[in-house]
Amino acid sequence: MQIATDATKNGKSHPKELSQTIIRQLEERGIDTEMAVKFGLGLIKGHGGSEKLALPFKINNQTSSWKVRSVASSNDGMFWIGKEDVRGKHFFNEDCLRDDSLKDYPLIITEGELDCLTILPWYPKCVSVPNGANTKSIPIEDERSYSAFEYLNNAIDILKPVKEIIIATDGDRAGRVLLEDLALRLGKPRCRWVMYPFKKSDQSERCKDLNESFKEWGYNGIQNIIEKAKWYPISGVYTIDELPPLPEPEVYRAGMGGLDKHLGIRLGDFSVVTGIPSHGKSTFVNDLMCRMIINNDMKIAFASFEQPPQKDHKRNLTRWMMQRQDGGVNGLSTSQKTELTERTLREKIVFIVKEEDETADLDWLLEKMSACVIQHDVDIIVIDPYNEIDHKRDFRQTTTDYIGDSIKKIKRFATRYDVHVMVVAHPTKLSERADGTLPIPTLYSIEDSRHWYNKCDVGIVVHRISSESFSLIRVVKSRYHDILGTPGEERCNFDKDTGRYNERFEVY
C-alpha cells in the first residue's frame, strides 16, 4: 500500500467534515448521507481547492489510513494518507468481519468502496477490496499474488468462519478477472457470483456495478441481485445459466489494412507463423509486433534464436521505429526520433537470450517467459523459431506426441498468464515444382506434426511470390471467425527501407 502523508499532498493534518458539495455528490450516487457521516467519511482539499472524498480504513474501529479519491472516479488522482499500517493492505469495512452479531450473515465483497457504501444500510456485512481489479489474472503461485491479494492474507483468520461469500465485482472484463481470482483464493464451494440487471434506458446493456444498479432500480434491484446470486459451479456439470461469466479478451488489430479483417490478436491465445526460410516470416512478425506496440501500447518479449538482439534484431526494430508515420513523431527532428525510438525499444521490448552454457529446452524457455510476464508485464511473447529450441524428447515418445505435449504446455502458459504466445516454425523442406518455384506451405507442412494446425488459435503463412514481386500473407486458421476474423489472404509489398508490409492495391 503506497501511503503519502497528507502534509505532502495538501498540507492538511487530518480529513475534515464532509462539505455540502461532497454530500450532494454522494447523494447523486445514491449513498445515504447519514450512513456516510456515521461511517466517518471525510474531506480533503487538493490543489486549487478541489474537494476529494477521504475513506477511512479501520481495524478494531481505529483508522489506520485514508484512501482519498474523487466521488466521480477512483482514477482521478487517488492517493493514500496517514500512518502506514504494519499489516499492509486490508479490506475497506473489515471490522464487519469481527462483529459477532453478523456472523450468520453472508459476506459480500465489492470491487470499490462506493459500491460497499451503497448497500451497507441493508447489507452490513460487506467489504471492498482496497486496490480494485487487475486487468490480467494472477496465478496463485505467482510471486505477485501476495502483494496483489495481501488484504486476503491479512484477513485469513477472520475469513475462515465465513460460510457464504457473495462476490459482487464489476461487470466488465477486469471485474470478471477479479471474480475468478477471489473465488480461487477464497474457495469456490463457498462463493457465489452476481449478475447485474439491464439498464432502464437501454435494455441491451447491463449495469456496471452495484452502485449503478441501485441508481437504476433502487433497493429492490439490489435485493434481487443479492438473492439471485449463483453458487460457483464446482462439479464440472452445469446448465448454461449456472456458468459464471468469463473475462472476454479484447481483440487487437495491427492496423495492416485488409489483413485486419482476417487477423485478430487476443491475450491468452496461441498463434503459429510459418513460411519457407528467407521468405520474410520473421520480418513480418517484427512488423506486426511494432504495430502492436504503437497502435495498442503493448509490451513484447522476443525469444529470438536466429536474430542476435544486439545486432540484427535491434537494427530491424530501430529501422521500423525510425520510419514511423503517426501523430507521435510528426514534426520531430532526427535526433528526437532517435531518442523516442531508443526509449520505445527500451520500455516496450524484452529479449530472452540463451547463455553459452545453458540448454535452451522448453522448460528453460517457459521459466524465462514467466519472468518476462512477472517482472516486465509483457503482453505478447514471440518464439522465433521453435525449431531452434533444444528438444528433449523421452525415448518412449513419438515425435508427434512430443510436439503435442509441448504445444499443450505453451497454450497452458498463454491461458494461465493471459498473454499471447506467437510461435514461428519452419516447414519441412519442400520440393520444387516443374517451373522451379516452391509451393506455398501450410501449417501441416511444419516439421514433425499435424498439431500445429489443430491446436493453434491463429495460423499464418508468409510466402514471397518472386515472379510478381509481392508477399502473400495468408491467415489459414482463425478459431473464432466472428471474433478474430475470417481466414483469408492479402497481397503486400515489402518496403525494405521501413521494414513494413504494406497492403498492395491492384491496378486493372
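A brief structural summary. Worth saying up front: this structure is predicted, and the values here are computed from it rather than measured.

## So, the overall build of the protein
Along the protein, the regular secondary structure elements total 15 helices and 20 strands. Here the C-alpha coordinates of the protein stretch approximately 85 × 60 × 55 Å along the principal axes. Taking all 508 residues of the protein together, 50% fall into the buried category. Long-range pairs, those at least 24 residues apart, make up 65% of the contacts in the protein with a sequence separation of at least 6. With an accessible surface of roughly 24,900 Å², the protein has 47% of that area assigned to carbon and sulfur atoms. Computed over 71 positive and 77 negative side-chain charges, the inter-centroid distance for the protein is 0 Å.

## Looking at the sheet that holds strand β1 (residues 42-45)
If you walk across this open sheet you meet the 4 strands as β1-β2-β3-β4, and the pairing is antiparallel. Here the strands that pair on one side only, and so sit at the sheet edges, are β1 and β4 (79-81). The average undirected angle you get between the axes of adjacent strands in this sheet is 35°. As paired elements, strand β2 (residues 51-59) and strand β3 (residues 62-69) share 7 bridges and run antiparallel to each other. Within the sheet, the bridge partner assigned to A54 lies in β3 and is V68. Strands in contact with helix α2 (residues 20-28) are β1 and β2; relative to β2, the strand with the most contacts, it is inclined by about 75°.

## A word on the sheet that holds strand β12 (residues 270-274)
Spatial strand order, β14-β13-β15-β16-β12-β17-β18-β19-β20: 9 strands in an open sheet with mixed pairing. A strand with exactly one partner marks an edge of an open sheet, and here the two such strands are β14 (349-351) and β20 (500-503). For this sheet, the mean angle separating the axes of adjacent strands, direction not counted, is 25°. In terms of strand pairing, strand β17 (residues 458-465) meets strand β18 (residues 470-478) through 8 bridges, oriented antiparallel. Bridging across to β18, G459 finds its partner in K477.

## Here's the deal with the pattern of salt bridges
Under the definition given, this model contains 24 salt bridges. With its nearest N and O atoms 2.8 Å apart, the salt bridge here joins E113 to K67. Taken together, the residues E113 in helix α4 (residues 113-119) and K67 in strand β3 connect sequence positions 46 residues apart. K67 matches E113 in its accessibility class, with the two residues each being buried. Taking the shortest distance from any N to any O, the salt bridge between K199 and E205 comes out at 3.3 Å. In this structure K199 comes out as buried when scored by relative accessible area, which is 15%.

## Comments concerning the packing of aromatic side chains
The geometry of an aromatic ring pair is captured by two quantities: the separation of the ring centres and the angle between the planes. On inspection of all chains with the given rule, the structure shows 13 aromatic pairs. Residues F149 and Y151 carry aromatic rings whose centres are separated by 6.1 Å and whose planes lie at 50° to one another, so their mutual orientation is tilted. Just as F149 is buried, Y151 falls in that class too. Ring centres 4.9 Å apart and planes at 20° place the aromatic pair Y444 and Y453 in the stacked group. Taken together through their ring pairs, the aromatic side chains of F39, F57, W80 and F92 make up a single cluster. In this structure, R206 packs its charged tip against the face of F198, placed 4.1 Å from the ring centre. Of note, K477 hangs over the ring of Y453, and the distance from its end group to the ring centre comes to 4.8 Å.

Reading guide: rules and limits
Residues numbered from 1 in each chain as written. Predicted model: local features only at pLDDT ≥ 70, side-chain atom pairs only at ≥ 80, totals over all residues. Heavy atoms only, no water. Helix = DSSP H or I, 4+ residues; strand = E, 2+ residues; numbered from the N terminus. Buried < 20%, exposed > 50% of the residue type's maximum accessible area, 1.4 Å probe, protein only. Contact = heavy atoms within 4.5 Å. Areas by Shrake-Rupley, 256 points an atom, 1.4 Å probe, with all protein chains shown as cover. Lys, Arg positive; Asp, Glu negative; His and termini not counted. Charge placed at Lys NZ, Arg CZ, Asp CG, Glu CD. Pairing = 2+ DSSP bridges. Axes fitted to C-alpha atoms, helices over the stretch in contact; angles between N-to-C directions. Salt bridge = Lys/Arg side-chain N within 4 Å of Asp/Glu carboxyl O. Phe/Tyr/Trp six-rings, centres within 6.5 Å; stacked < 30°, edge-to-face > 60°. Lys NZ or Arg CZ within 6 Å of the ring centre and 35° of its normal.

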